[in-house]
Amino acid sequence: MTPPAPTTKISESVLEELWFGEDDAGAITAQAAASFAAALADLEGLRPFSEVARRVLEQVADKDFEVGRLQGIIEQDPALATKVLRLANSAAFRPREACVSIKQAIMVLGSRTLSEVATSLSMMSMFSDISGIGRTVRDHCASTGALVRALALHRANAGSNSYIVGLLHDFGKLLLLQAQPATYLKIHGNQMADADTIHLREREVLGFDHAVLGAHILRKWGLPDPVPKIVAWHHQPARAFAAGGEVALQVALVRLAERVDRMLGQESLPSTEQTEHVAALPECEYLGFRARDLEKMWDELLHVKQEAEQIFR
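A quick note: this is a predicted structure, and the numbers were derived from the prediction, not measured.

Using the criterion set out here, one finds 13 salt bridges in the structure. The residue Arg 219 makes a salt bridge to Asp 225 at a minimum N-O spacing of 3.1 Å. Exposure remark for Asp 225: the relative accessible area of 54% places this residue in the exposed category. Glu 258 is paired through a salt bridge with Arg 262; the nearest N and O atoms lie 3.6 Å apart. Placement of both Glu 258 and Arg 262 in helix 16 (residues 245-264) is noted, with a separation of 4 residues, approximately one turn of the helix. Here Glu 258 falls in the buried class, since its relative accessible area comes to 4%. Salt bridges sharing common partners tie together Glu 51, Arg 54 and Glu 58.

Written out as structure tokens, the structure is:
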């Protein structure tokens with residue numbers, strides 16, 4: 001049996017940029033690097049990155065980008081085209097008119113936004129047949145992406161990456177569930193853990209967390225900055241807020257959307273006490289949302305969440 005090819009060494013510069021940050025600056029060690037490299041070696045067996053998504057990325061990166069060619073690429077994948085149209089017509093994107101074709105979706109959403117949507121949906125389709133806790137994570141990603149987008153529409157200058165970073169923020173969890181299901185289920189359990197505790201357990205067991213792993217793979221696959229950095233830092237708010245700019249804004253939106261997703265998963269809409277608690281969180285204060293702002297949005301956000309969870313079903 002031919003031995004596997006050696007894994008390329010992960011440089012300390014990459015680890016230093018994406019690693020733990022504010023609470024664990026000394027974690028850049030040989031052990032951490034070795035753990036990360038081992039995980040990447042295990043991920044070699046994953047399903048390949050979608051050819052359609054790769055072509056979409058290449059097309060939009062081309063300075064002579066042609067909208068008609070983008071349309072043709074997406075339409076070659078009927079399942080992807082269907083998901084794109086469903087999302088383009090959803091409450092998260094608030095289209096002024098119904099989109100009945102990819103060409104019309106491009107006109108309504110814009111080619112850049114549509115390319116982000118098509119790429120991220122194609123990547124998530126790697127996990128369309130996942131079950132159990134994996135399906136829970138996938139649905140959480142879908143609803144978080146839509147909620148980030150919906151929240152961003154209530155804030156000026158929210159940037160152009162709001163949907164894709166929300167959808168892909170837990171991409172690393174899905175990768176680990178596919179590559180190391182038994183190990184990861186021991187970490188995660190059969191229920192969704194609190195958003196800001198599971199990554200700590202991952203670090204203890206694996207030497208890294210899903211955010212860093214997901215960001216590294218996204219960068220390796222060619223997703224442009226700042227998307228990988230936002231994904232890497234969504235459990236490092238102090239670091240993100242100190243960096244400022246789009247990274248800080250998108251990390252705040254992702255973190256708030258995660259909280260909202262879990263709250264809206266209850267049987268009833270959040271109480272006044274719960275709303276006031278969320279409004280006092282650093283990410284909500286950073287975005288400038290008050291308790292009464294959230295209360296006005298609950299019905300809209302619940303509709304957005306329910307629509308989004310149907311995208312991959």
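We now examine the packing of aromatic side chains. Considering all chains together, one arrives at 4 aromatic pairs under this definition. Seen from their ring centres, Phe 127 and Phe 171 are 5.7 Å apart, and the 75° between their planes marks the pair as edge-to-face. Residue Phe 127 is found in the loop between helix 7 (111-124) and helix 8 (133-152), and its partner Phe 171 is found in helix 10 (residues 171-179); the two are separated by 44 residues along the sequence. For the residue pair Phe 127 and Phe 171, the accessibility class agrees, reading buried in each case. Through successive ring pairs, a cluster of aromatic residues spans Phe 127, Phe 171 and Trp 221.

What counts and what doesn't
Residues numbered from 1 in each chain as written. Predicted model: local features only at pLDDT ≥ 70, side-chain atom pairs only at ≥ 80, totals over all residues. Heavy atoms only, no water. Salt bridge = Lys/Arg side-chain N within 4 Å of Asp/Glu carboxyl O. Buried < 20%, exposed > 50% of the residue type's maximum accessible area, 1.4 Å probe, protein only. Helix = DSSP H or I, 4+ residues; strand = E, 2+ residues; numbered from the N terminus. Phe/Tyr/Trp six-rings, centres within 6.5 Å; stacked < 30°, edge-to-face > 60°.

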